[in-house]
Amino acid sequence: MHPRLGLYPAARTVIAHVSDTHLLAGGAPLGGVADTEGALAQAATQLRRLGPALDAIVVTGDVADLGEPDAYARARAALEPVAADAGARLVWVMGNHDERAPFRTELLDEPASDDPVHQVFDLDGLRIVALDSSVPGYHHGELDVSALAWLDGVLSVPAPRGTVLALHHAPIPTPLVLMDVLELRGQRALAEVVWGRDVRLILGGHLHYPTQGMFAGVPVAVAGATAYTMDLSAPPRELVGVDGGRSFSLVHLFDDAVTSSVVPLPPGLVVTRFDEAYLAELESLEPARRLDRFSRKPES
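## Here we look at the sheet that holds strand β15 (residues 258-264)
Line of reasoning, step 1. The strand order β3-β2-β1-β14-β15 describes an open sheet built from five strands, whose pairing is mixed. Strand pairing shows two members of the sheet lacking a second neighbour, β3 (89-93) and β15, which therefore form its edges. For this sheet, the mean inter-axis angle between neighbouring strands, taken without regard to orientation, is 20°.
Line of reasoning, step 2. With seven bridges connecting them, strand β14 (residues 247-253) and β15 associate as antiparallel partners. In the sheet register, Leu-253 faces β15, and the bridge partner there is Val-258.

## Observations concerning helix α4 (residues 145-155)
Line of reasoning, step 1. Taken together, the buried positions of α4 are Ala-147, Leu-148, Leu-151, Val-154 and Leu-155. When α4 is viewed along its axis, its buried side chains cluster within an angular range of 120° and face the same direction.
Line of reasoning, step 2. On its buried side, α4 packs onto β4 (119-123), β5 (126-131), β7 (163-169), α5 (187-194) and β9 (199-205).

## Re the nonpolar core
Line of reasoning, step 1. One finds Leu-47, Ile-57, Leu-79, Trp-92 and Phe-103 to be the most contacted residues of the largest nonpolar core, which totals 33 residues.
Line of reasoning, step 2. The set of elements that each furnish at least two residues to this core consists of β1 (13-18), α1 (36-48), β2 (56-60), α2 (69-86), β3, α3 (100-108) and β14.
Line of reasoning, step 3. Ranked by residues supplied to this core, first place goes to α2 with eight residues.
Line of reasoning, step 4. For Phe-103, the residues in contact, after removing those within four places along its chain, are Val-63, Tyr-72, Trp-92, Val-93, Met-94, Asp-98, Leu-108 and Val-117.
Line of reasoning, step 5. Listed in part, the 28 residues of the second largest apolar core include Leu-190, Val-193, Val-199 and Phe-215.

About the criteria used
Residues numbered from 1 in each chain as written. Predicted model: local features only at pLDDT ≥ 70, side-chain atom pairs only at ≥ 80, totals over all residues. Heavy atoms only, no water. Pairing = 2+ DSSP bridges. Helix = DSSP H or I, 4+ residues; strand = E, 2+ residues; numbered from the N terminus. Axes fitted to C-alpha atoms, helices over the stretch in contact; angles between N-to-C directions. Buried < 20%, exposed > 50% of the residue type's maximum accessible area, 1.4 Å probe, protein only. Arc of directions from axis to C-beta. Contact = heavy atoms within 4.5 Å. Core = buried A, V, L, I, M, F, W, Y, C linked by side-chain atoms within 4.5 Å.

The analysis is restricted to geometry; functional conclusions fall outside its scope.
Here's what the structure looks like:
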């Protein structure tokens, strides 16, 4: 249980935001280089440390690189036990590298279908809407009239604790010029549907680096990829993905606030640490003594 030692109480909902795992059949390395299966296993190990504090794992697309059934089976085998042990909901969102038919059969236990994979989940009054922005045969994103009508119908009834909208193609700008070709189309129409509704946060992927922005008055949080990372320091007219810099995010939703925090993969060497015993000591102190114990700088 997260103690209240300051202004804010514990978050009411904690979501692990994982994206762009890009698994291949047989656990083959992506591009002959990136161990995507090992990176996802590392993410699962780190997520296990959260235990029952975790309420949901939302995977915002490109689960498989080529849409292979075995790749989906491997993704499910990595994350489903973590979600089950934590009592958390596992939400799979379609990406541009995913294929709808095996996505349904291998991840959702549904009959094969090429229809868009739109889903709605309830987390104790918090609604998660998974919106399929993929375009069969292409890598850009698009929301057509039917997708927007479906979303408009869902949002027409407010959820008790608001809505988190999750889609692969995040509706925010990117400094990567080539990625503009693969952006989400239909953003103005999406803004008309989202504006003034109960959407508290939009989760996205696709960009392969963690970033954030605003869309239609709603904060947008993009998770970094577990597969590989775009190098934003590359020359402006190049698009370079590197075997490193992997991460996922942790989203904390409070009654009147929301945060998204980057978790690196794997964790680095420990530089400083205050353990559970130290926290228990602080909890036992009066606020003034607590401030003196942890906030005061040592005398030189």
